[in-house]
Amino acid sequence: MKYKHIVFDIDGTLIDTEYAVLHSLQETIKELSGRKIPCSELRFALGITGTDALKKLEIKDTSYAIELWDKNMRNYTNNIKVFDGIVELLKNLLSLDYKMGIVTSKTREEFTHDFCPFGISHYFKTIICADDTQEHKPNAAPILKYVELSKTDHRKVLYIGDSKYDSKCAENAGIDFALAVWGSHNKHIKADYFLEKPANVAEKIVEGRMKKFFKEICLLDQPYVKDGDMSVQQYTDATAKELGGDIKIKSFVRFEKGEGIEKREDNFADEVANMVK
């Protein structure tokens, strides 16, 4: 697989916080305004920052509301857990030498209080929280910040999340996205991969490696030498269409870049000795 970095969202992807988030938000709104909004109408808040969610609910004093929400959230601590299969997944990815990171809408304080107690934060090297960027999901800024700090190519990053905000954030950053169906329950969100369970992540990695292997050894799947944006198959199909016939490759000769060129090897010690003679 082309990916070197597997980056996760937190809520709805690594830990199951849906019940706690929605019910604590429901209580917060009721205390602030007297309105009791059904949890089904508060689902939009899953995946964005608490401040952004409160603004959408037209709460003016968001600072106080955040404090109240955090207080109410603590009453639901027992309802939050790590999704089944996540720990095993993280161990597998670590053994395969993948770099893991987090891009979350949680603030750094929320990350410390809400996530770290589960004992899996040590698996992640680079962690981007809401405090780290001016703009948040669905804007590309959080993922691009991860790419910047990790000093990697965005094409080597796979982002795994559960919400439309995660999907759009990845799309805006030009990064492949995998939908954590186990936490989203919504297959209508745009994604490059749909993962029913955490174990599917490793399966996709193996599948991707096999595709890459065959792409490298199968002539028709390799890039056309005069136009790297198309494969040999695409070039022959386009040429055949232009000529109004069929093209079949019956034989070919393989050349490898640099093959047959004799490389000069110098002995550094002898070179220095010759210079001082």
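Above this note sits the structure.
Owing to the predicted nature of the structure, the values given are computational and were not obtained by experimental measurement.

Rules behind the numbers
- Residues numbered from 1 in each chain as written.
- Predicted model: local features only at pLDDT ≥ 70, side-chain atom pairs only at ≥ 80, totals over all residues.
- Heavy atoms only, no water.
- Buried < 20%, exposed > 50% of the residue type's maximum accessible area, 1.4 Å probe, protein only.
- Helix = DSSP H or I, 4+ residues; strand = E, 2+ residues; numbered from the N terminus.
- Pairing = 2+ DSSP bridges.
- Right-handed = clockwise from strand over helix to strand, strands pointing away.
- Patch = residues over 30% accessible without salt bridge, like charges linked within 9 Å, V, L, I, M, F, W, Y side chains within 5 Å.
- Areas by Shrake-Rupley, 256 points an atom, 1.4 Å probe, with all protein chains shown as cover.
- Salt bridge = Lys/Arg side-chain N within 4 Å of Asp/Glu carboxyl O.

A few words now on the pairing of strand β6 (residues 157–161). Along a regular strand, successive side chains alternate from one face of the sheet to the other. The buried fraction of β6 is high, at five of five residues. Going residue by residue along β6, you find Val157, Tyr159 and Gly161 tucked away on one face and Leu158 and Ile160 tucked away on the opposite face as well. With four bridges joining them, strand β1 (residues 5–8) and β6 adopt parallel strand pairing. Its bridge partner lying in β6, His5 is registered against Val157. Note: β6 against strand β7 (residues 176–180), four bridges, orientation parallel. Bridged to Leu158 within β7 is Asp176. In this fold, β6 hands off to helix α7 (residues 164–173), which returns the chain to β7; that crossover is right-handed.

Let us look at a nonpolar patch on the surface. Judged by side-chain polarity, Leu220, Ile249 and Phe252 come together as a nonpolar surface patch covering roughly 280 Å² of accessible area. The topology assignment puts Phe252 in the loop between α10 (232–243) and α11 (268–275). On the accessibility criterion, Phe252 (55% relative accessible area) is exposed.

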